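Remarks on the overall topology
Here's the letter readout for the chains.
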Amino acid sequence: MGGPPDQDAGLSVGAVAQRLGVAPSTLRTWDRRYGIGPTRRSTGTHRRYTPADVARLEAMQRLILAGAPPGEAARVALDGPSGGPSSPRGHGAGGNRVPVGGTTAGSDGAEVRGLARAAMALDAPAMARAARTALGRDGVVRAWNGLFVPVLDGIGRKHAATGGCVDVEHLLSTVLAGCLAAVPLPGRPRNARPVLLACAPEEQHSLPVYALAAALAEADVAASLLGARVPARALASAIRRTGPSAVFVWSQTAGTGDPAWLDGLPACRPPRRLVVGGPGWVRDRLPASAAPVDSLGEAVAELTSVLGRS
Ligand code: B12
């Protein structure tokens, strides 16, 4: 995830979005709502971010991950020394750094190739070593975006082309889920009632919700991970029993992406936020109550933004 060749011209919105692990639309929203965007625009309407702009956005994201509401995070980032490297969390539970900025895990491709090789060889200890190294050094969001996703994506493409690698997909997912589950839980979570994370009914791709649980743990947010293939009635029951401030539902495949059932989930008092992610959802049929996100970083930001109201 290196920057584009012409750094002098600044980074495009897409390059900055990729670097931060958020959707381009999120950057546009932050610019529109909070005035934190590119300070210079090149010809026409092209938006170009200077290194200082990027540093400010990284500072804002660190503050959001540390629990600040986005507006407040933007204000502090705009006021403060641009892009100072200190993290407001310092060392959280387990000492994992907040995953923003700097070089990316596997940015030279070596780590991605190493994990892919270990996966193809079904070498679980080597996979776990590579995953733990990236998680410990870069934090969950960067390890996920910079290392895990490229390898998963490559193996998925290999499977699509050959019909093979199903054993590899299973073992790699099991090892990565184990490493993500080992990220320490927050000692003193910011929320009393855990956020609920679930896969849609019959959805077996649970790894993204493991990544989300781990990223939330790094942000000192308690989450209850219900896992794969959660029946609608089971999720409804968990909502009634725990009264979460937010619920996240993942759909990876079109077969699990019909959102009709989401409207039947029970309400809570105080009201809960419903957030959905994954390429499976039929976006134009989502109920108005469901907020879609486009990346792990955005899911963390969206779910933490409602905690103040819980
Ligand atoms: C690992 C894997 C499995 C494992 C899952 C194990 C587990 N515990 O998760 C197993 C082996 C069980 C499996 C099963 C199947 N799989 Co599969 N699998 C994969 C693989 C390789 C990785 C999945 C993954 O975790 N990806 C990482 C994700 C998050 O990548 P992504 O969706 O591209 O993510 C981006 C956005 O969605 C976004 N985003 C937006 N919002 C949010 C919010 C959060 C919180 C996050 C994290 C990200 C995010 O950011 C991303 C990057 O992070 C993918 C290949 C791939 N490219 O994904 C195939 C893939 C998803 N599988 C596929 C298929 C077809 C299947 C099966 C139907 C196969 C079969 N014939 O049985 C079954 C599924 C049955 C079911 N009903 O669920 C297809 C889906 C095709 C499609 N378009 O529907 C894929 C794409 C492979 C392929 N190229 O054919 N699979």
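Our structure is the block above this text.
The structure presented is a predicted model; accordingly, all values stated were derived computationally and were not measured.

Structural notes on the overall build of the protein
For the protein, the count of helices and strands is eleven helices and seven strands. Within the protein, buried positions represent 50% of all 310 residues. A fraction of 73% describes how many contacts in the protein between residues 6 or more apart in sequence connect residues 24 or more apart. Only carbon and sulfur atoms are counted for the fraction: they give 53% of the accessible area of the protein, which is about 14300 Å².

A few points about the coordination of the cobalt atom of the ligand
For a metal bound by four donors in a tetrahedral arrangement, the ideal donor-metal-donor angle is 109.5 degrees, while six donors in an octahedral arrangement ideally sit at 90 or 180 degrees. Within the protein, just one atom coordinates the cobalt atom of the ligand: His-205 (NE2), at a distance of 2.2 Å. Tracing the chain through its elements places His-205 in the loop between strand E3 (195-199) and helix H9 (207-218).

Structural notes on the pattern of salt bridges
Applying the stated criterion across every chain, the model contains ten salt bridges. In this structure, the salt-bridge partner of Arg-137 is Glu-111, at a minimum N-O distance of 2.9 Å. Pair noted here: Arg-137 is in helix H6 (residues 124-138) and Glu-111 is in helix H5 (residues 110-120), with a separation of 26 residues, a long-range link. A relative accessible area of 35% places Arg-137 in the partly exposed class. Residues participating in the shared-partner salt-bridge network are Glu-111, Arg-137, Asp-138 and Arg-142.

Observations regarding the layout of surface pockets
One number sums up the size of the largest pocket: a volume of about 1100 Å³. Together, 35 residues line the largest pocket, and Leu-152, His-205, Leu-207, Pro-208 and Gln-252 are the ones closest to its centre. Looking at the lining of the largest pocket element by element, the count peaks at eight residues for helix H7 (residues 140-162). Counted by class, the lining of the largest pocket contains 16 nonpolar, 14 polar and five charged residues. Of the voids in this model, the second largest pocket is the one considered here, and its volume is about 350 Å³. Lining the second largest pocket are 15 residues, with Thr-26, Thr-29, Trp-30, Arg-33 and Glu-302 positioned closest to its centre.

Description of unusual backbone geometry
Phi is positive for Cys-165, which is not a glycine, with a value near 70 degrees. We note that Asp-220 has phi near 60 degrees; this positive angle belongs to a residue other than glycine. On the secondary structure map, Asp-220 appears in the loop between H9 and strand E4 (223-227).

As for the site of the ligand
Close to the ligand lie 30 residues; Trp-144, Gln-204, His-205, Ser-206 and Gln-252 are nearest. Asp-153 is positioned such that a nitrogen or oxygen atom in its side chain is 3.0 Å from a nitrogen atom of the ligand. Broken down by secondary-structure element, the contributors of at least two residues to the shell around the ligand are H7, helix H8 (166-181), H9, strand E5 (246-250) and helix H11 (296-305). The residue makeup of the shell around the ligand, split by class, is 13 nonpolar, twelve polar and five charged. When residues of the shell around the ligand are assigned to domains, at least three fall in each of domain 2 (110-181) and domain 3 (195-309).

What to know about the side chain of Thr-304
Here Thr-304 lies in helix H11. Residue class for Thr-304 comes out buried when judged on its relative accessible area of 3%. A polar contact of 3.1 Å, which involves the side chain of Thr-304, links it to the backbone oxygen of Ala-301.

Examining the sheet that holds E4
Judged by pairing direction, the sheet is parallel, and its five strands sit side by side in the order E4-E3-E5-E6-E7 without closing on themselves. A single partner strand is all that each edge strand has here, and the edge strands are E4 and strand E7 (290-293). Across the sheet, the mean angle separating the axes of adjacent strands is 20 degrees when strand polarity is ignored. Bridging between E5 and strand E6 (residues 273-277) involves five bridges; their strand directions are parallel. Following the sheet pairing, Trp-250 is matched in E6 by Gly-277. Of the strands in this sheet, E3, E4 and E5 are in contact with H9, which crosses E3 at around 165 degrees. Against the sheet, helix H10 (residues 232-242) engages E3, E4 and E5, with an angle of about 175 degrees to E3.

What counts and what doesn't
Residues numbered from 1 in each chain as written. Predicted model: local features only at pLDDT ≥ 70, side-chain atom pairs only at ≥ 80, totals over all residues. Heavy atoms only, no water. Helix = DSSP H or I, 4+ residues; strand = E, 2+ residues; numbered from the N terminus. Buried < 20%, exposed > 50% of the residue type's maximum accessible area, 1.4 Å probe, protein only. Contact = heavy atoms within 4.5 Å. Areas by Shrake-Rupley, 256 points an atom, 1.4 Å probe, with all protein chains shown as cover. Donors = N, O, S within 2.8 Å, 3.2 Å for Na, K, Ca; no water. Salt bridge = Lys/Arg side-chain N within 4 Å of Asp/Glu carboxyl O. 1 Å grid on protein atoms, 1.4 Å probe; cavity = no way out; pocket = protein on both sides within 12 Å on 5 of 7 lines; lining within 4 Å. Points joined across faces, edges and corners; volume = space filled by probe spheres on them. Nonpolar A, V, L, I, M, F, W, Y, C, P; charged D, E, K, R; others polar. Near = heavy atom within 4 Å. Polar contact = N/O pair within 3.5 Å; in protein donor to acceptor, adjacent residues only side chain to side chain. Domains from an automatic or database assignment. Pairing = 2+ DSSP bridges. Axes fitted to C-alpha atoms, helices over the stretch in contact; angles between N-to-C directions.

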